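The lines below spell out each chain.
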Amino acid sequence: MRIDCPLCGARDRREFSVLGDAAMAVRPEVGADTQTWSDWLHLRDNTAGRLRELWYHEGGCAAWLVVERDTVSHAVHGVSLVGASDAD
Amino acid sequence: MVDLIASDPWAGLLPVQAGAARLEAVDPGPLALLAPWPRAEEAMNAALRAAHGPGFPAPGRIETSGAARAIWFGRGQALLAGVVPDPSLRAHGLVEDQSDGWVVARLTGDGALDVLARLVPVDLRRLGPKGVVRTMLGHMNVAILGTSGGVEILAFRSMAGTLAHEIADAMRAVAGRAALG
Ligand SMILES: [Zn+2]
């Protein structure tokens, strides 16, 4: 599996580590109730098909990436840099 | 005040010659990490040009002017090598002295890229003399710089022994295969 880093180009999977669902980059509002925070932290869809995930280019440019990947075919459909708008 | 004596990070492991490849230590001079603040990339670029010559490098590129080299070093980062960073740069981002954090080795000779092909998951045949890749050598995070006669490899100083060992082993293996014909 290779991931096409927007900064480094196509690189081998061993240079990356995966965090999981890109929903982690979109936090609930500060005043959200405990149940909302708990769901955000713990509940994930077990997607069969296209999934947006956070990957870290640890062995390269040290950028966080959003990788859209098909969990069935392992095809990578898109890679983008996590931007300032994705984090707080 | 105790007078401390600087020690050689390679501890006598370099140079190594095997077949057509040669690995030797390089003194890169001062090294400083530059990381512009958000939205200060252009200001850092201008300040760097004014103070030292090279601009802030695009991803994968090295900008050179006289003794100063500005080496792309990751997202939003460059390594300024060869000169002590001018204080004016500090207005536009983080400037951190990392001179004692890195070692630099130069690998030259006809077999150099064959040696690295055994250790690095990137095709370095496309790395030009102004190009740089951040990648891994074995399990170590490194930067590999294109130079006119080969490559320069930057690794953590604490990993100098491992770096020399990994590359020297691969050099001997490549030389051995060449000797077998
Ligand atoms: Zn990258």
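Nothing here was measured: the structure is a model prediction, and the numbers come from that model. Each chain has its residues counted from 1, running along the sequence as written. For this description, chains carry letters from A and ligands carry numbers from 1, given in the order in which they are written. The predicted origin of the model limits local features to residues at a pLDDT of at least 70 and limits the giving and counting of side-chain atom pairs to 80 or more, whereas totals for whole chains, interfaces and linings rest on all residues. Hydrogens and water are ignored here; the side-chain numbers use all heavy atoms of the structure.

Colleague: Hey, could you run me through the overall build of chain B in this one?
Modeller: For the purposes of this entry, the term helix denotes a DSSP run of H or I that reaches at least four residues, the term strand denotes a run of E that reaches at least two, and both are numbered from the N terminus. If you tally the helices and strands in chain B, you get 3 helices and 11 strands. Starting at the N terminus and walking to the C terminus, you meet the elements of chain B as β-β-β-α-β-β-β-β-β-α-β-β-β-α. Within these notes, the globule rule equals 2.2 Å times the number of residues to the 0.38 power, and the radius of gyration is based on C-alpha atoms. Taken over C-alpha atoms, the radius of gyration comes to 17 Å for chain B, in line with the 16 Å a tight globule of 181 residues would show. With the principal axes as the frame, chain B shows a C-alpha extent of 60 × 45 × 30 Å. Relative accessibility under 20% of the residue-type maximum defines a buried residue, over 50% an exposed one, and the middle range a partly exposed one, all with a 1.4 Å probe and only protein chains included. Sorting the 181 residues of chain B into buried and exposed places 48% on the buried side. Relative to all contacts within chain B whose residues are 6 or more apart in sequence, the contacts with residues 24 or more apart total 60%. Methods summary: accessible areas were calculated by the Shrake-Rupley approach with a probe of 1.4 Å, and residue burial reflects only the protein chains presented. Carbon and sulfur atoms provide 53% of the accessible area of chain B, an area that totals close to 9,100 Å². Side chains of chain B give 16 positive and 17 negative charges; the mean places of these two sets differ by 7 Å. Whether two residues are in contact is decided by their heavy atoms, any of which lying within 4.5 Å being enough. By the counting scheme adopted, Arg and Lys are positive, Glu and Asp are negative, and His together with the chain ends is not counted. Charge coordinates come from a single atom per side chain, which is NZ of Lys, CZ of Arg, CG of Asp or CD of Glu.

Colleague: Sorry, what's going on with the sheet that holds strand β6 (residues 77–81) of chain B here?
Modeller: The pairing of strands in a sheet comes from backbone hydrogen bonds and takes either a parallel or an antiparallel form. Residue and element names in this part refer to chain B. Taken in spatial order, the 5 strands line up as β4-β5-β6-β3-β7 in an open sheet, and their pairing is antiparallel. The outermost strands of the open sheet, each flanked by one partner alone, are β4 (62–65) and β7 (93–97). Averaged over all pairs of adjacent strands, the angle between their axes in this sheet comes to 20 degrees, without regard to strand direction. A pair of strands is considered paired only if DSSP assigns at least 2 bridges between the two. As paired strands, strand β3 (residues 31–36) and β7 are joined by 5 bridges and run antiparallel to one another. For A32, the partnering residue across the bridge sits in β7 and is D97. Angles here are taken between N-to-C directions and fall from 0 to 180 degrees, while the axes themselves are lines fitted to C-alpha atoms, restricted in helices to the stretch in contact. The sheet strands contacting helix α1 (residues 41–52) are β3, β4, β5 (68–74), β6 and β7, and the helix crosses β3 at an angle near 145 degrees.

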